[in-house]
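# Understanding the architecture of this molecule
Residue strings, one per chain:
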Amino acid sequence: MTNKDDQKYIAGLLFGDATLTPEECEEKYPPRGVGEGVAITRLGPSPTGFIHLGNLYMAFLNAKLSAQTDGVLILRIEDTDRKREVAGAVEVLISSLAYFGVQFNEGVMYDAQADVISERGSYGPYYQSARGEIYKAFVKRLVEEGKAYPCFLSEAELTEMRSLQEQQKVTPGVYGAWARYRNATAGEVEALLAEKRPYVIRFRADEEDGTYVEAADGIRGTLRMPKNYMDVVILKSDGLPTYHFAHVVDDHLMRTTHVIRGEEWIASLPVHVALFGALGWDVPLYCHSTVLMKIDEESGNKRKLSKRKDPELSLEYYRSTGYHPQAISEYLLTIINSNFEEWRAENPDAPISAFQMSTEKMGISGILFDLEKLQDVSKEVLLRIPAGELAAFLLHWARLYDEDAYRAMSRDEEKLARILDIGRSGDKPRKDLAYAKQMRDFIAYFYDELFEKQDDWPGNAAADAGVLLAGYLETLDLADDRDTWFDKIRQLAVANGYAAKPKDYKKNPEEYKGHVGDVSSVIRIALTGRASSPDLYEIQQILGEEAVRARLAAHI
RNA sequence: GGCCCUGUGGUCAAGAGGUUAAGACACCGCCCUUUCACGGCGGUAACCCGGGUUCAAUUCCCGGCAGGGUCACCA
């Protein structure tokens, strides 16, 4: 067994150059002195340059909880894996989250306008790669106390050990008797160091003894797991901490109250609890959320969203498809707390900040992402947005994703608003606008350059199309009120052998070629290029005399 | 394989020891309507399985099974 003096000596050997002590750190990052119930949360993404809906979900959870308790949401960049780092990832991350309404009030900040990244807050640095001295202070202390030790096992040795363990059918890993450097003497360590052998720092675990650790979880009640007995790596050979260590040190020093993270972390909870214990700190309230899943095409089973396999779930997809950020937020909220929908129905106009979510109400079984539900939520959300704002939103989207549409629609924003508002007023508003791309396609025919002429008439009216349109054109007067206008269509129908009312036709189908609906379908197709559209009268009013006549004439 | 989490309609989900087991989305039908992606009405569809406790279990317990997660010098 390494003795006390050896431990001190090894710590000095390894971290003699430490510039900070644990006590200094505690002093520099004092408790925040916030009241009970205030949530200090944080998001700790690794800058790999890709975020999907699942990440947003997690970010949203953190943001919501801190916001509703007047707490703090910190952005801490967990850039301890240099191999996976992607340039520009932080900018993408922050601006994507900002687009969907997640704002940080402490940590790494990004000013998209000026393209400047900065840090805000007195608990930094907020890049883990810049916190080396802090980690060092605490690792050194752990080594001094014999709670951590340098391990010189090489990658090859580790692999070899693992296959041996597999042969023997024992749990693979560095623990117990397998932890070869656990009790190395100061002399041995010094010699290895002199050889410039690379090493990592491992956290010394207790022996496997069948006891359990428990930790409170805001979502799941109490979590109970077998105690950790693996000597996990806390400092990698490049001197950077692993997630386990960085999480514990950072969340303590940043005075995080709620650690909200995905359930994939439950398995390493015992390590974290042990680490908090070894450092003499209180454990924060963990909230292990379920992860978003989807059906895997290959196996047909559920699986969690993956960066690699699901590019269509990237936030960029939702942005480019033109989902309104508010819609995404509300969808997320409906899966976070199932009483949200009910609340929304009762408070149709309240901002979502007025909704109080609770971690206890969160579900704990895997959630399958449901695009159709998203679309429905989105329709509801868009319905509550005034046409003017909707027009601005559409334009903003088109400017980035559809130049042609932008050129056409931006000429007259007021007209665009009128178009989008068709059928949206009154007690039974149309609930059919879901996202920008669909809106664009939906209203394209209002613009000559986007309009696609079509002459796929309803079967029985095909032969008469030209005649019907010519007749319609003859009596057309945009100044007519709606009833007068439609009466004319009825007359036109009758004059050409069509029933004035669909019911008449149904009664005696053999007496007619069709009914007034067929006639207006012909007009609709000529005018809009499609078989279904909102109210024709309103469409004509917006289209204007000239365009209406031109489109009708084109088929005669 | 070990450990952990989870099993209520296709999806998201309420729910309680005794209920006709909510609701939303989707789906189907009918209606309204000049068309419709709108609206109205109605409908199909669920407690994973087996034991145990109990007068009574979908609900509590145990065991299976299924799905998920995790077992890295990645987070």
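Residues numbered from 1 in each chain as written. Chains lettered and ligands numbered in written order. Predicted model: local features only at pLDDT ≥ 70, side-chain atom pairs only at ≥ 80, totals over all residues. Heavy atoms only, no water.

## Brief notes about the overall build of chain A
Selection criterion: Secondary structure counts use DSSP, requiring at least four H or I residues in a row for a helix and at least two E residues in a row for a strand, with both numbered from the N terminus. Two things to know: the radius of gyration comes from C-alpha atoms, and the globule rule equals 2.2 Å times the number of residues to the power 0.38. We call two residues contacting when some pair of their heavy atoms lies within 4.5 Å.
The helix and strand inventory of chain A stands at 23 helices and 16 strands. Taking 556 residues into account, the globule formula puts the C-alpha radius of gyration at 24 Å, and chain A, at 33 Å, lies well above it. Expressed along its principal axes, the backbone C-alpha trace of chain A runs to roughly 110 × 50 × 45 Å. Put simply, 72% of the contacts in chain A that link residues at least 6 apart link residues at least 24 apart.

## With respect to the pairing of strand β1 (residues 40-43)
Just so we agree on the cut-off: Relative accessibility under 20% of the residue-type maximum defines a buried residue, over 50% an exposed one, and the middle range a partly exposed one, all with a 1.4 Å probe and only protein chains included. We call two strands paired when DSSP finds no fewer than two bridges between them. Place the viewer so that the strands point away; then a crossover is right-handed whenever the path from the first strand over the helix to the second strand goes clockwise.
Of the two faces of β1, both are covered, the one formed by Ile40 and Arg42 as well as the one formed by Thr41 and Leu43. Bridge count for β1 against strand β2 (residues 72-75) is 4 bridges, and the pairing is parallel. Within the sheet, the bridge partner assigned to Thr41 lies in β2 and is Leu73. Handedness of the crossover joining β1 and β2 through helix α3 (residues 53-68): right-handed.

## Examining the side chain of Gln7
Filter applied, for reference: Within 3.5 Å is the distance limit for a polar contact, defined as a pair of N or O atoms, with the added protein rule that one can donate a hydrogen and the other accept it, and that residues adjacent in sequence qualify only through two side-chain atoms.
Looking at the element boundaries, Gln7 is found in helix α1 (residues 4-15). For Gln7, the side chain forms a polar contact with the main-chain nitrogen of Gly146, separated by 3.4 Å.

## Overview of the packing of helix α18 (residues 465-475) against helix α23 (residues 545-553)
This is how it is decided: Note on geometry: axes are C-alpha line fits, over the in-contact stretch for helices, and angles between N-to-C directions span 0 to 180 degrees. Geometric relationships in this document are graded by angle, where less than 35 degrees denotes roughly parallel, more than 145 denotes roughly antiparallel, 65 to 115 denotes roughly perpendicular, and other angles denote oblique. Two helices that cross are described as forming a left-handed crossing if the nearer one is turned anticlockwise from the farther one by less than a right angle, and a right-handed crossing if clockwise. Each residue is assigned to one of three groups, with Ala, Val, Leu, Ile, Met, Phe, Trp, Tyr, Cys and Pro labelled nonpolar, Asp, Glu, Lys and Arg labelled charged, and all others, Gly among them, labelled polar.
For the pair α18 and α23, interaxial distance at closest approach is 9 Å and the crossing angle is 155°. Regarding the angle of α18 to α23, the classification is roughly antiparallel. Taken as a pair, α18 and α23 cross one another with a handedness that is left-handed. The segment α18 lies against α23, with Leu469, Tyr472 and Leu473 engaging Arg549, Leu552 and Ala553. Of the residues contributing to the contact of α18 with α23, the split by class is 5 nonpolar, no polar and 1 charged.

## Examining the nonpolar core
To keep things clear, this is the line we draw: By nonpolar core is meant a set of buried Ala, Val, Leu, Ile, Met, Phe, Trp, Tyr and Cys residues that side-chain atoms within 4.5 Å join together.
Grouped together as the largest cluster of nonpolar side chains are 173 residues, with contacts concentrated most on Tyr57, Phe138, Ile234, Phe245, Phe446 and Leu552. In terms of residue count, the dominant contributor to this core is α3 (9 residues). Aside from chain neighbours lying at most four places away, what touches Phe245 is Tyr135, Phe138, Val139, Leu142, Ile234, Leu275 and Leu279.

## Quick look at helix α14 (residues 387-401)
Count 3.6 residues to each turn of an α-helix, and residues three or four apart come out pointing the same way. Under the convention used in this document: The length a helix should cover is 1.5 Å for every residue beyond the first.
For α14, built from 15 residues, the straight-helix expectation of 21 Å at 1.5 Å per residue is met to within 8% by its first-to-last C-alpha distance of 20 Å. The complete set of buried residues in α14 reads Ala387, Leu390, Ala391, Phe393, Leu394, Leu395, Trp397 and Ala398.

## Observations regarding the protein's contact with RNA strand B
Quick reminder of the rule: We call a residue near a given molecule or strand whenever any one of its heavy atoms falls within 4 Å of it.
In the region of RNA strand B, 56 residues are neighbours, and Glu78, Lys236, Lys373, Arg430 and Ser533 sit closest. Take the atoms of RNA strand B that sit within 4 Å of the protein: sugar and phosphate atoms are 70% of them. Here a phosphate oxygen of RNA strand B sits 3.2 Å away from a polar atom, N or O, in the main chain of Tyr243. Listed by contribution, the elements that provide at least two residues to the surface near RNA strand B are β6 (200-203), β8 (221-226), β13 (302-304), β14 (367-368), α13 (371-383), α19 (482-495), α20 (502-507) and α21 (516-528). Partitioned by chemical class, the residues of the surface near RNA strand B number 21 nonpolar, 11 polar and 24 charged.

## Here we look at the pairing of strand β12 (residues 292-295)
Bridge count between β12 and β14: 2 bridges; the pairing is parallel. Paired with Leu292 across the bridge in β14 is Ile367.

## Some words on the sheet that holds strand β9 (residues 233-235)
Taken together, the 3 strands give an open sheet; going across it, the order is β5-β6-β9, and neighbouring strands pair in antiparallel fashion. In this open sheet, the two strands that pair with only one neighbour each are β5 (148-151) and β9. Strand-to-strand, the axes of this sheet are offset by a mean angle of 45°, without reference to chain direction.

## A look at the pattern of salt bridges
Note the cut-off: Note on definitions: salt bridges are taken to be side-chain nitrogens of Lys or Arg within 4 Å of carboxyl oxygens of Asp or Glu.
On inspection of all chains with the given rule, the structure shows 39 salt bridges. The partner of Arg76 in a salt bridge is Asp250, and the shortest N-O contact between them spans 3.6 Å. Linking Arg76 in the loop between β2 and α4 (89-99) with Asp250 in helix α8 (residues 243-253), this pair joins segments that are 174 residues apart in sequence. On the basis of relative accessibility, which here comes to 0%, the residue Asp250 falls in the buried class. Of the charged contacts in the structure, one is a salt bridge between Arg131 and Asp250, with a shortest N-O distance of 2.7 Å. Here Arg131 is found in the loop between β4 (116-120) and α5 (132-144), whereas its partner Asp250 is found in helix α8, with 119 residues between them in sequence. An identical accessibility class is assigned to Arg131 and Asp250; each is buried.

## Considerations on the environment of Ala11
Turning to its location among the elements, Ala11 is positioned in helix α1. For the pair Ala11 and Ala186, spaced 175 residues apart in sequence, the C-alpha to C-alpha distance is 9.5 Å. If sequence neighbours within four positions are ignored, Ala11 has contacts with Gly16, Lys140, Val143 and Glu144.

## Looking at the packing of α3 against helix α11 (residues 325-336)
At a minimum axis distance of 10 Å, the contact between α3 and α11 shows a crossing angle of 80°. It follows from the interaxial angle that α3 and α11 lie roughly perpendicular. When α3 is examined against α11, the residues Leu53, Leu56, Tyr57, Phe60, Leu61 and Lys64 are found in contact with a partner set consisting of Ile328, Ser329, Leu332, Leu333, Ile335 and Ile336. Per-class residue counts for the contact of α3 with α11 are 10 nonpolar, 1 polar and 1 charged.

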